Amino acid sequence: MKVDIPYGKEEKIAVEIPDKNLTGVIYPNEVKVSDQTKTLLKAVERPIKSKSFADFLKDAKDILFIVNDGTRPTPTAKVLDIIYDLVKEKNIKFIIATGVHRAPTLEEYNFIFGKYYNEFKDRIYVHDCKKDDDMVHIGTSKNGTEMFVNKLGMAAHKIVIIGSVEPHYFGGYTGGRKSFLPGIASYKTIEQNHKHALKPGAKALALDGNPVHEDMIDALKTIADKEIFSIQTVLDAERRIYGTTAGHIHDSFYSAIAKAKEVFCVKIKEKADIVVSIAPYPMDVDLYQSQKALDNGKLALREGGVLIMVSKCRTGIGEKAFFELLSSMKTPQEVLAKIDKEFKLGWHKAAKMAEIATWAEMWGATDLNDSDMSSIFIKPYHDIQLAINDAIKKKGPNAKVLFLMDGSITVPMLL
């Protein structure tokens, strides 16, 4: 059987696999997508626990839009299409919720804002979590996370959030509260929150008992009086808008989760000896982001199996703290022992990768240097077909192979 693997923004790489070896080609679930504009309009006009968007704007002195960066498939430009006439004459600014990520490239600005980029570019600000002068302290969560956020968020009279809801490997789901933490939070705040990612309850689909999520919710209680209108989208496999919720920051987020589950929670009949997990564009921006494909892929892998991550890693490694820790240790066990003694932001990814390496093999088909990949317990490849062939040779002629085609956000679940 031939399988077309997405690689980078537009490239498709065809691979062949014997029918007897193939146990599944897993995409997000097929769902019926209605008119996308009507879906957006309905949510904005009938928000959850909030005024309508038009009424929300009426007395606004100024409005700050918090939008996702280029590592998320959020259809920000499509949302702007349906609200443009309501906001074009208003005093508006945009802040890109980068968290710990870098500033967008020109290509990413155009991906985020589409035709509106040239009109609004002088009103677009990029959050820099390490720029302490831009931060203001707004309180402390019960777990001790000190909430420092970008002062633009606190100075704004009203805030509009545009986000998307997908499974997240330790936050449970993206969306909603993540626009603030980590979106526009300080490095120190993000580090304190992400330390909770090492705890067992921090995993995909989990909210109740998830210390990362619960810490974010608690931290945001410090701005409960801030007027916020949240627009949350759920996309299908083709990045079309399947569902939209709007209104209260938390209620709109929770309401979107049912739709997200319908798309991204995919049932599988058995685990496989070999899992090929793809980080598609734009989640293939770097290794730091592509790691999510490993963490979801592991859920479909048998112990002792081979997990092949496919990602172009267009801009390289990304945030390097996790890479520096992994590459400085001789074994995954040493990595975990180091993290057990201390924590730095980024080491949560090192922990997740090292944990996989204790019970399975990680291989990677990427554009990265072989020496870099080898240094972090990933066997390097640049040819996806060769990686698959070698994995079958290693696991035996009857080895079962599963393809996770949108591995960054699809969660495989055993029947």
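Thresholds applied
Residues numbered from 1 in each chain as written. Predicted model: local features only at pLDDT ≥ 70, side-chain atom pairs only at ≥ 80, totals over all residues. Heavy atoms only, no water. Helix = DSSP H or I, 4+ residues; strand = E, 2+ residues; numbered from the N terminus. Rg over C-alpha atoms; globule rule 2.2 N^0.38 Å. Buried < 20%, exposed > 50% of the residue type's maximum accessible area, 1.4 Å probe, protein only. Contact = heavy atoms within 4.5 Å. Areas by Shrake-Rupley, 256 points an atom, 1.4 Å probe, with all protein chains shown as cover. Pairing = 2+ DSSP bridges. Axes fitted to C-alpha atoms, helices over the stretch in contact; angles between N-to-C directions. Phe/Tyr/Trp six-rings, centres within 6.5 Å; stacked < 30°, edge-to-face > 60°. Parallel < 35°, antiparallel > 145°, perpendicular 65-115°, else oblique. Left-handed = near helix turned anticlockwise from the far one by under 90°.

*Asks:* Before we go on, may I ask you to explain the overall build of the chain in this structure?
*Replies:* Helix and strand counts for the chain come out as 15 helices and 20 strands. Its C-alpha atoms give the chain a radius of gyration of 21 Å, within 12% of the compact-globule value 22 Å for 415 residues. Once the C-alpha set of the chain is aligned to its principal axes, its extents read approximately 70 × 50 × 40 Å. Counting the 415 residues in the chain, one finds 59% classified as buried. Partitioning the contacts of the chain with sequence separation of at least 6, the portion at a separation of at least 24 is 76%. Accessible area of the chain: about 16900 Å², with a carbon and sulfur share of 48%.

*Asks:* What should I look at first to understand the sheet that holds strand 15 (residues 272-278) in this one?
*Replies:* Strand pairing in a sheet takes place through backbone hydrogen bonds and is either antiparallel or parallel in direction. The parallel open sheet is built from six strands, whose spatial order is 3-19-15-16-17-18. Both edges of this open sheet fall to strand 3 (22-26) and strand 18 (378-381), since each of them pairs with a single strand only. Neighbour-to-neighbour, the strand axes of the sheet open up by a mean angle of 20°, direction not taken into account. As paired strands, strand 15 and strand 16 (residues 301-310) are joined by six bridges and run parallel to one another. Among the inter-strand pairings, I278 is bridged to a residue of strand 16, identified as V310. Packed on one face of the sheet, helix 10 (residues 287-297) meets strand 15, strand 16, strand 17 (361-365), strand 18 and strand 19 (401-404) and runs near 150° to strand 16. Together, strand 15, strand 16, strand 17, strand 18 and strand 19 form the strand contacts of helix 15 (residues 384-395), whose direction differs from that of strand 16 by roughly 170°.

*Asks:* I tried to follow the packing of aromatic side chains on my own but got confused; where do I start?
*Replies:* Two aromatic rings, taken as a pair, are described by how far apart their centres are and by the angle between their planes. For the coordinates displayed, the defined rule picks out 16 aromatic pairs. Ring centres 5.0 Å apart and planes at 55° place the aromatic pair F53 and F229 in the tilted group. On the criterion of sequence distance, the pair formed by F53 in helix 2 (residues 53-58) and F229 in strand 12 (residues 227-235) is long-range, its members being 176 residues apart. The two residues F53 and F229 agree in class, both being buried. Relative to F120, the ring of F94 lies with its centre 5.1 Å away and its plane at 40°, an arrangement referred to as tilted. Remark: F120 occurs in helix 5 (residues 117-120) and F94 occurs in strand 5 (residues 92-97); sequence separation between them is 26 residues.

*Asks:* Sorry if this is basic, but what is going on with the environment of I223 here?
*Replies:* Here I223 lies in the loop between helix 8 (211-219) and strand 12. Measuring from C-alpha to C-alpha, the distance between I223 and C265 comes to 32 Å, with 42 residues separating the pair along the chain. Aside from chain neighbours lying at most four places away, what touches I223 is I138, M154, F180 and I228.

*Asks:* I would appreciate a short explanation of the sheet that holds strand 4 (residues 63-68) in the present structure.
*Replies:* Judged by pairing direction, the sheet is mixed, and its six strands sit side by side in the order 6-5-4-9-12-13 without closing on themselves. Lying at the two open borders of the sheet, with one neighbouring strand each, are strand 6 (124-126) and strand 13 (241-247). Between one strand axis and the next, the sheet turns by 20° as a mean value, whatever way the strands run. In the sheet, strand 9 (residues 158-164) pairs with strand 12 via seven bridges, with the strands oriented parallel. Note on strand 12: the bridge partner recorded for I159 is I228. Taken strand by strand, helix 9 (residues 249-264) contacts strand 9, strand 12 and strand 13, and its axis lies near 0° from that of strand 12.

*Asks:* Sorry, what's going on with the packing of helix 11 (residues 321-328) against helix 13 (residues 347-357) here?
*Replies:* Two packed helices can be described by the angle between their axes and the distance between those axes. Closest axis-to-axis distance for the helix 11/helix 13 pair is 7 Å, and the angle between their directions is 45°. Classified by the angle their axes make, helix 11 and helix 13 are oblique. Crossing handedness for the pair helix 11 and helix 13: right-handed. For the pair helix 11 and helix 13, contact is made by A321, F322, L325 and L326 and by W347, K349, A350, M353 and A354, respectively.

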